[in-house]
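# Residue-level structure breakdown
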Amino acid sequence: MSKNAMWLTIIFVAAIVGALLGPSLGSLVGEGTMLILAPLFLIGVVIFCIWALSSNKSGKKADPAALAEARRMVAPEGKARIYITRRGFVAALQGMNVTLGGAQGQIKSGQMLVADVAPGQYVIHVATAKAKLAKPAEIMVDVGAGGVVVVDAMIEMGALKGSVKLTRLDAAQARENVYATKLILWEVPPA
């Protein structure tokens, strides 16, 4: 069982237990106290969500021609192409800051970045926009002339803090991810 599936199961079980124990806890604590605590808890959750998403940037979407070119998955003559994709629903709205050499960009779930680079080795560093929410990750890719590499970025949840997980995809998964995501332009383009 993956960590994400495990945490979804725990959340589901906790919701069932809460639904069963909630009424008895409410009668034990008292209606007046519950009427005070419930809105305070809700306000706390809203404040946390605003804080967690406050470092997100709205990336500029590429035009349809650039998206069509990216989905061809063919590197330009004498260059290599690196894709960083993001899919899934865990922390979907949390931005991920991607660094590839001097290039910098941010993606959310359902988005990708594409870099046409000189052949060679590259380190891709990915961290959440709010660094306190998840541990960052790095992956090294070696790509030759005409080569195409697709790296998937996701967040795996832990008990208190998540971790960014980077995976180099095989050809079938790579094509699926590239076709399922929208192209976002780099804030600082690759050199």
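Everything that follows concerns the structure shown earlier in this document.
Values in this document were obtained by computation on a predicted structure and should not be read as measured data.

### A word on the overall build of the chain
- Counting secondary structure elements, the chain contains four helices and 10 strands.
- Overall, the chain shows an N-to-C arrangement of helices and strands of α-α-α-β-β-β-β-β-β-β-β-β-α-β.
- What you see for the chain is a C-alpha radius of gyration of 21 Å, clearly larger than the 16 Å of a compact globule of 191 residues, by over 25%.
- Along the three orthogonal principal directions, the C-alpha set of the chain runs to about 70 × 30 × 30 Å.
- Expressed as a percentage of the 191 residues in the chain, the buried residues total 33%.

### A few points about the packing of helix H3 (residues 64-72) against helix H4 (residues 171-180)
- Two elements in contact, H3 and H4, have axes separated by 9 Å at closest approach and are oriented at 175 degrees. Overall, the two elements H3 and H4 adopt an arrangement that is roughly antiparallel. Touching Ala 70, Arg 71 and Arg 72 of H3 are Arg 175, Val 178 and Tyr 179, all from H4.
- The class makeup of the residues in the contact of H3 with H4 is three nonpolar, no polar and three charged.

### Some details on H4
- When H4 is considered as a whole, its buried residues turn out to be Ala 174, Asn 177 and Val 178. In an axial view of H4, the angular spread of the buried residues amounts to 100 degrees, which keeps them on one side of the axis.
- Taken together, the buried residues of H4 touch H3, strand E1 (80-86), strand E4 (111-117) and strand E8 (148-156).
- Two or three places before Ala 172, at the opening of H4, Asp 170 has a side-chain oxygen 3.3 Å from that residue's backbone nitrogen.

### Observations regarding the pattern of salt bridges
- Applying the stated criterion to the full structure yields five salt bridges.
- Linking Arg 81 and Asp 116 is a salt bridge whose minimum nitrogen-to-oxygen distance equals 2.6 Å. Highlighted residues: Arg 81 in strand E1 and Asp 116 in strand E4, separated in sequence by 35 residues.
- Arg 81 gets classed as buried once you look at its relative accessible area, which sits at 3%.
- Salt-bridge contacts for Lys 165 lead to Glu 156; the nearest nitrogen and oxygen are separated by 3.6 Å.

### Structural notes on the pairing of strand E5 (residues 120-128)
- One ladder, built from five bridges, connects strand E2 (residues 96-100) with E5; its direction is antiparallel. The residue of E5 that forms the bridge with Thr 99 is His 125.
- When E5 meets strand E7 (residues 137-143), the two strands line up antiparallel, connected through seven bridges. Across the sheet, the residue bridging to Gln 121 is Asp 142, located in E7.

### A word on the side chain of Thr 181
- With respect to the helices and strands, the residue Thr 181 is situated in the loop between H4 and strand E10 (182-183).
- Of note is the side chain of Thr 181, whose polar atom sits 2.8 Å from the backbone oxygen of Asn 177.
- If we ignore the near neighbours within four places in the chain, the residues touching Thr 181 are Leu 67, Arg 71, Thr 85, Arg 86, Arg 87, Gly 110, Gln 111 and Met 112.

### Describing the environment of Arg 175
- In this structure, Arg 175 sits in helix H4.
- Judged by its relative accessible area of 41%, Arg 175 falls in the partly exposed class.
- On a C-alpha basis, the gap between Arg 175 and Gly 88 in space is 16 Å, while along the polypeptide they are 87 residues apart.
- Contact partners of Arg 175, with chain neighbours within four places excluded, come to Arg 71, Arg 72 and Met 73.

Conventions we followed
Residues numbered from 1 in each chain as written. Predicted model: local features only at pLDDT ≥ 70, side-chain atom pairs only at ≥ 80, totals over all residues. Heavy atoms only, no water. Helix = DSSP H or I, 4+ residues; strand = E, 2+ residues; numbered from the N terminus. Rg over C-alpha atoms; globule rule 2.2 N^0.38 Å. Buried < 20%, exposed > 50% of the residue type's maximum accessible area, 1.4 Å probe, protein only. Axes fitted to C-alpha atoms, helices over the stretch in contact; angles between N-to-C directions. Parallel < 35°, antiparallel > 145°, perpendicular 65-115°, else oblique. Contact = heavy atoms within 4.5 Å. Nonpolar A, V, L, I, M, F, W, Y, C, P; charged D, E, K, R; others polar. Arc of directions from axis to C-beta. Polar contact = N/O pair within 3.5 Å; in protein donor to acceptor, adjacent residues only side chain to side chain. Salt bridge = Lys/Arg side-chain N within 4 Å of Asp/Glu carboxyl O. Pairing = 2+ DSSP bridges.

That's the geometry; what it means functionally is another story.
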